[in-house]
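# Tertiary structure, described
What follows is the residue order along each chain.
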Amino acid sequence: MSGAIAKKYVNALMSGCDDGELAEVYGLLLQVVEAFKLEKFNNIVLSPDVSSKAKEELVLSLVENKNMKFQNFIRLLSNNDRLKLIPIVIKELKYQLSLKNNTFEGSVSTNFKMSQAQISMLEENFSKKFNAKIKLNVNENSYPGIKVELDDLGVEVSFSVERLKAQMTEHILKAI
């Protein structure tokens, strides 16, 4: 439900701003969303005892360089008691900007160190496949193989040593 509401605010924001203003508002919202990681800030934003004007002033005080579109957007969210939706709004805005600019971010999970050349090759191949600019971030963890996730595109590609062993065993058993 809150995702649908956030989507309406993002659509309004995108229709009312040009590309430069959208990038600026996105950057300012990124600064604000960091505050939502603090429990004290969440308590203030969610508190029915604090006035919407005080909440609005608190959110606006988090950023130094405020443009009019950003101030109006925060004022609109505050007047409708929707400041708590800012983290969801930022995710949806990031997705909409990715669609608009045809650039997407993904992650690569491995249990080994990848060189920059390997990462660049993966980015280039996925960019060709999806006809978009793909940027991959590497996460070294305990995944036994390699897994590429592009959440915004709904794609997950993986190669696992365990899966390869299982498929080889299955193939050998079928051949016997």
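Refer to the preceding data block for the structure.
What comes next is a walk through the structure.

## Quick notes on the nonpolar core
Core analysis: the biggest nonpolar cluster contains 32 residues, and Leu29, Phe70, Ile74, Ile86 and Leu93 have the highest contact counts within it. At the level of secondary structure, the elements contributing two or more residues to this core comprise α1 (2-16), α2 (19-35), α3 (39-46), α4 (52-61), α5 (68-79) and α6 (86-101). Leave out the neighbours within four places in its chain, and leucine 93 touches Val10, Leu13, Met14, Leu22, Tyr26 and Leu29. Judged by nonpolar contacts, the second largest core, of 12 residues, contains Phe104, Leu122, Ile134 and Val148.

## Observations regarding the layout of surface pockets
Each pocket or cavity is described by its volume, and for the largest pocket that value is around 190 Å³. Along the walls of the largest pocket sit Tyr26, Lys94, Leu97, Ser98, Asn101, Thr103, Phe104, Glu105, Lys133, Ile134 and Lys135, which together make up its complete lining. Of all the secondary structure elements, the ones that give two or more residues to the lining of the largest pocket are α6, β1 (103-110) and β2 (133-140). For the lining of the largest pocket, the element with the most residues is α6, which contributes 4 residues. Of the residues in the lining of the largest pocket, the class split is 4 nonpolar, 3 polar and 4 charged.

## Re the pairing of strand β3 (residues 145-150)
In this sheet, β3 lies alongside β1 in antiparallel orientation, the contact comprising 4 bridges. Each residue of the ladder has a partner; that of serine 107, found in β3, is glutamate 149. The sheet contact formed by β3 and strand β4 (residues 155-160) spans 6 bridges and is antiparallel. In the sheet register, lysine 147 faces β4, and the bridge partner there is serine 158. Adjacent in sequence and paired antiparallel, β3 and β4 are bridged by 4 residues, among which glycine 154 carries a positive phi angle near 70 degrees.

## Examining the sheet that holds β3
An order of β2-β1-β3-β4 is seen for the 4 strands of this open sheet, with the pairing classed as mixed. At either margin of the open sheet sits one strand with a lone partner, and together these are β2 and β4. The sheet shows a mean angle of 15 degrees between the axes of neighbouring strands, taken without regard to direction. Against the sheet, helix α7 (residues 116-130) engages β1, β2, β3 and β4, with an angle of about 140 degrees to β2.

## Brief notes about α6
In this model α6 runs 22 Å from its N-terminal to its C-terminal C-alpha over 16 residues, within 8% of the 22 Å that 1.5 Å per residue would give. Inspection of α6 places Ile86, Val89, Ile90, Glu92, Leu93, Gln96, Leu97 and Ser98 among the buried residues, and these make up the whole buried set. As for α6, its buried residues are in contact with α1, α2, α4, α5 and β1. Of the residues flanking the end of α6, it is asparagine 102, one or two places downstream, whose phi is positive at about 60 degrees.

## Quick look at α1
Two residues of an α-helix separated by three or four positions point the same way, owing to the 3.6 residues in each turn. Counted at 1.5 Å a residue, the expected span for α1 with its 15 residues is 21 Å, and the 21 Å between its end C-alpha atoms agrees. Buried within α1 are the following residues: Ile5, Ala6, Tyr9, Val10, Leu13 and Met14. Buried-residue contacts for α1 involve α2, α5 and α6.

Conventions we followed
- Residues numbered from 1 in each chain as written.
- Predicted model: local features only at pLDDT ≥ 70, side-chain atom pairs only at ≥ 80, totals over all residues.
- Heavy atoms only, no water.
- Core = buried A, V, L, I, M, F, W, Y, C linked by side-chain atoms within 4.5 Å.
- Buried < 20%, exposed > 50% of the residue type's maximum accessible area, 1.4 Å probe, protein only.
- Helix = DSSP H or I, 4+ residues; strand = E, 2+ residues; numbered from the N terminus.
- Contact = heavy atoms within 4.5 Å.
- 1 Å grid on protein atoms, 1.4 Å probe; cavity = no way out; pocket = protein on both sides within 12 Å on 5 of 7 lines; lining within 4 Å.
- Points joined across faces, edges and corners; volume = space filled by probe spheres on them.
- Nonpolar A, V, L, I, M, F, W, Y, C, P; charged D, E, K, R; others polar.
- Pairing = 2+ DSSP bridges.
- Axes fitted to C-alpha atoms, helices over the stretch in contact; angles between N-to-C directions.
- Expected span 1.5 Å × (residues − 1).

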